[in-house]
Amino acid sequence: MILCLKFCSGSCATSFFSFTVTCLEVMRRFLLLYATQQGQAKAIAEEICEQAVVHGFSADLHCISESSKYDLKTETAPLVVVVSTTGTGDPPDTARKFVKEIQNQTLPVDFFAHLRYGLLGLGDSEYTYFCNGGKIIDKRLQELGARHFYDTGHADDCVGLELVVEPWIAGLWPALREHFRSSRGQEEISGTAPVASPASSRTDLVKSELLHIESQVELLRFDDSGRKDSEVLKQNAVNSNQSNVLIEDFESSLTRSVPPLSQASLNVPALPPEYLQVHLQESLGQEESQASVTSADPIFQVPISKAVQLTTNDAIKTTLLVELDISKTDFSYQPGDAFSVICPNNDSEVQSLLQRLQLEDKREHYVLLKIKTDTKKKGAALPQHIPARCSLQFIFTWCLEIRAIPKKAFLRALVDYTSDSAEKRRLQELCSKQGAADYSRFVRDACACLLDLLLAFPSCQPPLSLLLEHLPKLQPRPYSCASSSLFHPGKLHFVFNVVEFLSTAPTEVLRKGVCTGWLALLVASVLQPNTYASHEDSRKAVAPKISISPRTTNYFHLPNDPSIPIIMVGPGTGIAPFIGFLQHREKLQEQHPDGNFGAVWLFFGCRHKDRDYLFRKELRHFLKHGILTHLKVSFSRDAPVGEEEATAKYVQDNIQLHGQEVVRILLHENGCIYVCGDAKNMAKDVHDALVEIISKEIGVEKLEAMKTLATLKEEKRYLQDIWS
């Protein structure tokens, strides 16, 4: 649809009214559902909802868990679904009930034959089951008779979701127009008319259309602004050339672009409507605690009873084991379970951010939030992750992911609060279609956060409300349980590397992981070096406490039948859950000395035998006592000793060396294989090694071997606990 807008008085009123009526006639409703784990799918769905108005549609937006607000069995409008993926390929928690309902095998094959839908899946190709949350829903909808009106999109967080999300959304509007056009033709042939949804009304359509008109005005206004900024930069380039300084000699950076981008006309996202009104109120000095942090799961505050450094000081990574005392709580777990640690942001980063926002003197003030009465945001609601009557300091420390990489919509919102024309232009470039490569390079890949942007663009002065609208919830960090409650009653162990990475925006800064950096600082006073043995007398400091919450039940557990043989693959800290497995097996074998226990294989890997061979003493103990029947260790950075070490540099190499035994266990002895650790390289390489050995040992093509592994996955005999 091409719109030509004129604003005048008198004679134009009739034209304006006719235009509005025409738009009301073409306005069409669609149902928009999102299934989110950490907010990505929700943010994208909200972006679709905002853009819908601009394109003459009305989106009925709901979380997929809000089943009382929509009914797919009777839905006549087209359906658009945005689905993220969690774990190792599961639908998000918000979609579990929905998936369970549609997986009901008693549903007829034409149950959703009336539905026409489009689906956008979000995932990370570093994981084996890429976008599997969306694929599960997509496949089942088709099995129940639903048909696509628009092709499914799969967005990859590994390379940048926006590379697929943006063109997918752009293509959604012509697909919807075509759907309504063909539906209207069918209605005319059959003599039927569309039935209006109860949720829709003429008032809503009028309001939506007025927003549609205002959005077009905004686009025209912004386009003019963009042209002016572009003209300024072009003139600057001319002046530079006259001064014999070629702009091509400069390298692009976070704050500076080079031609052709610096001279291009830009297509930028629509300005996200603001919706929060913030009032700061002096506090009365009440104490605040982590208990104010919102969580769907129960939270337990537990003391740290022990902390051990498992690596030597000259190891490339520092690995710590932390023991929690859960004896006075109702917290329970099985080996293989995971739990979440509720962690704060780095204190110095919080202070720097408050200082840059000129809010340092108001850090103790309470933050009171309301929805703006004149907001244009459809379905605006207060952020659930920001508790009522909490201080500014508390919110920035415990509630907001201040390290989050700013999305393009956030950059677009920052443009309007930037006074310097060159800085404004650069922010426009970074959020534009033309600046996608620069956004990936200088924002996403450089791990730039809000503080980095504010320091790089000093004329940008966003209000607090904008930050509260755009900064996502500070997520709890998941960790695998590295112990058995049979072996350590009332205790819970977990293991982690202290993450360190280089942020290069705007200058190089060495940062530690939000949670691991905090934990390392927290346990420093009770840390025991290079030993797993207990030294009670060495701990005189008061045990610090942390807050934890259980994770939803997973399938990464030992088989119920202990006679089933198992293979465990866990290099580095991926060994954590397997220590719990072995501790549990030891206790079971003590309790049932005449029991039938299957073979237990462990493939472990690290860089150096003498620096980061985690749980070396414990593994020897398990091997000596027959708890562990086969231990295969790879050292990737040591000089090889012996023929096997020379061949097996990584765990996947050792798997191939012992391919005959591995295939026998999996395919002939009904065994299980568990893989834990890095998703980016290790999990894929192990998967490829398994394909290779199955193909070789049973004499089939690789495609058939992959199908065999898929069957093992479905039977819960090929299990992964992996992370990026």
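Owing to the predicted nature of the structure, the values given are computational and were not obtained by experimental measurement. (Residues numbered from 1 in each chain as written. Predicted model: local features only at pLDDT ≥ 70, side-chain atom pairs only at ≥ 80, totals over all residues. Heavy atoms only, no water.)

Student: Just checking my understanding: could you explain the overall build of the protein chain for this structure?
Tutor: Broken down by element type, the protein chain carries 21 helices and 23 strands. Here the protein chain holds 724 residues, and the buried ones make up 50% of them. Considering only contacts within the protein chain whose residues lie at least 6 apart along the sequence, 79% involve residues at least 24 apart. As displayed, the protein chain offers around 34700 Å² of accessible surface, 51% of which is attributable to carbon and sulfur atoms. (Helix = DSSP H or I, 4+ residues; strand = E, 2+ residues; numbered from the N terminus. Buried < 20%, exposed > 50% of the residue type's maximum accessible area, 1.4 Å probe, protein only. Contact = heavy atoms within 4.5 Å. Areas by Shrake-Rupley, 256 points an atom, 1.4 Å probe, with all protein chains shown as cover.)

Student: Help me understand the sheet that holds strand S11 (residues 366-371) in this model?
Tutor: Working definition: the strands of a sheet are paired by backbone hydrogen bonds and lie parallel or antiparallel to each other. Read across the sheet, 3 strands follow the order S7-S11-S12 without closing on themselves; strand pairing throughout is antiparallel. Each edge of the open sheet carries a strand with a single partner, namely strand S7 (276-281) and strand S12 (390-391). Alignment of S11 against S12, held across 2 bridges, turns out to be antiparallel. Its bridge partner lying in S12, Tyr 366 is registered against Ser 391. (Pairing = 2+ DSSP bridges.)

Student: So what exactly am I meant to see when it comes to the nonpolar core here?
Tutor: Note that soluble globular proteins tend to have their nonpolar side chains buried in a common cluster. Counting residues in each nonpolar core, the largest one holds 81 residues, and the members touching the most others are Leu 324, Phe 339, Phe 396, Phe 494, Ile 546 and Ile 548. Apart from the residues lying within four places of it in its own chain, the contact partners of Ile 548 are Pro 298, Ile 299, Phe 300, Val 302, Leu 324, Ile 326, Phe 331, Phe 339, Ser 340, Val 341 and Leu 492. Formed by 34 residues, the second largest nonpolar core is a distinct cluster that contains Met 568, Ile 575, Phe 578 and Phe 622. (Core = buried A, V, L, I, M, F, W, Y, C linked by side-chain atoms within 4.5 Å.)

Student: Explanation requested: the sheet that holds strand S23 (residues 718-723) in the structure shown.
Tutor: Sheet architecture is open: 5 strands sit in the order S21-S20-S19-S22-S23, paired in parallel fashion. Edge positions in the sheet fall to strand S21 (630-635) and S23, since each of these pairs with one other strand and no more. Pairs of neighbouring strands in the sheet enclose a mean axial angle of 10°, with direction left out of account. In this sheet, strand S20 (residues 600-606) lies alongside strand S19 (residues 566-569) in parallel orientation, the contact comprising 4 bridges. Bridge pairing in S20 places Ile 566 opposite Val 600. (Axes fitted to C-alpha atoms, helices over the stretch in contact; angles between N-to-C directions.)

Student: It is not clear to me how unusual backbone geometry should be interpreted in this structure. Could you clarify?
Tutor: Peptide bonds are mostly trans, and most non-glycine residues show a negative phi. The step from Pro 259 to Pro 260 runs through a cis peptide bond, and the omega angle for that step is 10°. Of note, Pro 260 is situated in the loop between helix H6 (202-242) and S7. For Cys 447, which is not a glycine, the phi torsion comes out positive at approximately 55°. Tracing the chain through its elements places Cys 447 in the loop between helix H11 (436-444) and helix H12 (450-456).

Student: Teacher, can you tell me more about helix H8 (residues 392-399) here?
Tutor: Helical periodicity: at 3.6 residues per turn, an α-helix aligns residues three or four positions apart in one direction. The element H8 is extensively covered by neighbouring structure, given that 8 of its 8 residues are classed as buried. Within H8 the residues assigned to the buried category are Leu 392, Gln 393, Phe 394, Ile 395, Phe 396, Thr 397, Trp 398 and Cys 399.

Student: What exactly am I supposed to notice about the pattern of salt bridges here?
Tutor: Pairing between side chains of opposite charge can happen when the charged atoms of each approach one another. Scanning the model with the defined rule gives 26 salt bridges in all. Between Glu 401 and Arg 477 there is a salt bridge whose closest N-O contact spans 2.8 Å. With Glu 401 in the loop between H8 and helix H9 (408-415) and Arg 477 in strand S13 (residues 477-480), this residue pair connects regions lying 76 residues apart in the sequence. Via salt bridges that share partners, Arg 425, Arg 426, Glu 429 and Asp 438 belong to a single interconnected network. (Salt bridge = Lys/Arg side-chain N within 4 Å of Asp/Glu carboxyl O.)

Student: What is the right way to read the packing of aromatic side chains from this model?
Tutor: Aromatic rings considered in pairs are described by the distance between their centres and by the relative angle of their planes. Under the defined criterion, the tally for this structure stands at 22 aromatic pairs. An aromatic cluster of three or more residues is present, and its members are Phe 300, Phe 331, Phe 339, Tyr 479, Phe 494 and Phe 496. Sitting over the face of the ring of Phe 487, Lys 587 holds its NZ or CZ atom 5.6 Å from the ring centroid. Here the guanidinium or amino end of Lys 716 rests over the ring plane of Tyr 555, the centre of that ring lying 4.8 Å away. (Phe/Tyr/Trp six-rings, centres within 6.5 Å; stacked < 30°, edge-to-face > 60°. Lys NZ or Arg CZ within 6 Å of the ring centre and 35° of its normal.)

Student: Explain the environment of Gly 379 to me, please; I cannot follow it from the model alone.
Tutor: If you trace the backbone, Gly 379 turns up in the loop between S11 and S12. A relative accessible area of 71% means that Gly 379 is categorised as exposed. Linking Gly 379 and His 62, residues 317 residues apart in sequence, is a C-alpha distance of 9.4 Å.

Student: Even after reading the chapter, I still don't get the packing of helix H20 (residues 682-698) against helix H21 (residues 702-714), so can you show me in this structure?
Tutor: Where H20 contacts H21, the two axes come as close as 8 Å, and the packing angle between them is 115°. In this structure, H20 meets H21 at a crossing whose hand is right-handed. In this structure, H20 uses His 687, Leu 690, Val 691, Glu 692, Ile 694 and Ser 695 to contact H21, whose residues at the interface are Lys 702, Ala 705, Met 706, Thr 708 and Leu 709. Residue composition of the contact of H20 with H21, grouped by class: 6 nonpolar, 3 polar and 2 charged. (Left-handed = near helix turned anticlockwise from the far one by under 90°. Nonpolar A, V, L, I, M, F, W, Y, C, P; charged D, E, K, R; others polar.)

Student: Explanation requested: the confidence of the model for the protein chain in the structure shown.
Tutor: Fine structural detail should not be taken from predicted coordinates in areas where pLDDT scores are low. In the predicted model, the protein chain carries a mean pLDDT of 86, and 83% of its residues have values of at least 70. Counting contacts from residues 193-249, a segment whose pLDDT is below 50, to residues more than four positions away or on other chains yields 71 contacts. Segment residues 532-539 is flagged for pLDDT under 50; beyond a separation of four residues in sequence, or across chains, it makes 17 contacts in the model. (pLDDT = per-residue confidence, 0-100.)

Student: Explanation requested: the packing of helix H7 (residues 347-356) against H8 in the structure shown.
Tutor: In a packed pair of helices, the relevant descriptors are the angle between the two axes and the axis-to-axis distance. It is the contact of H7 with H8, at a shortest axis distance of 10 Å, that shows an interaxial angle of 130°. Put simply, H7 runs oblique to H8. When you trace H7 past H8, the crossing you get is right-handed. Contacts between H7 and H8 involve Asp 347, Val 350, Gln 351, Leu 353 and Leu 354 from the former and Leu 392, Gln 393, Phe 396 and Thr 397 from the latter. (Parallel < 35°, antiparallel > 145°, perpendicular 65-115°, else oblique.)

Student: Whenever I open this one, the environment of Arg 29 confuses me. Can you help?
Tutor: By secondary structure assignment, the location of Arg 29 is in strand S1 (residues 28-35). Sequence separation between Arg 29 and Ala 59 is 30 residues; the distance between their C-alpha atoms is 5.7 Å. Here the side chain of Arg 29 touches Asp 60 through a polar contact of 3.0 Å, side chain to side chain. A distance of 2.9 Å separates a polar atom in the side chain of Arg 29 from a polar atom in the side chain of Glu 75. (Polar contact = N/O pair within 3.5 Å; in protein donor to acceptor, adjacent residues only side chain to side chain.)

Student: Help me understand the environment of Leu 161 in this model?
Tutor: As for its placement among the helices and strands, Leu 161 is situated in the loop between strand S6 (153-156) and helix H5 (162-190). The exposure class of Leu 161 is buried, given its relative accessible area of 10%. Each C-alpha atom, one on Leu 161 and one on Gln 40, is 9.5 Å from the other, the two residues being 121 residues apart in sequence. Those residues in contact with Leu 161 that lie beyond four places of it in its chain are Gln 40, Leu 122, Gly 123, Ala 155 and Asp 156.

Student: Hey, could you run me through the pairing of strand S22 (residues 672-678) in this one?
Tutor: Two faces belong to every sheet, and in a regular strand the side chains alternate between them. With 6 of 7 residues buried, S22 is to be regarded as a mostly interior element. Two strands pair when backbone bridges link them, and S19 and S22 are joined in this way by 4 bridges, in the parallel orientation. Of the residues in S22, the one forming a bridge with Ile 566 is Cys 672. Summarising the sheet, S22 and S23 pair through 6 bridges and their orientation is parallel. Bridge pairing in S23 links Val 675 to Gln 720.

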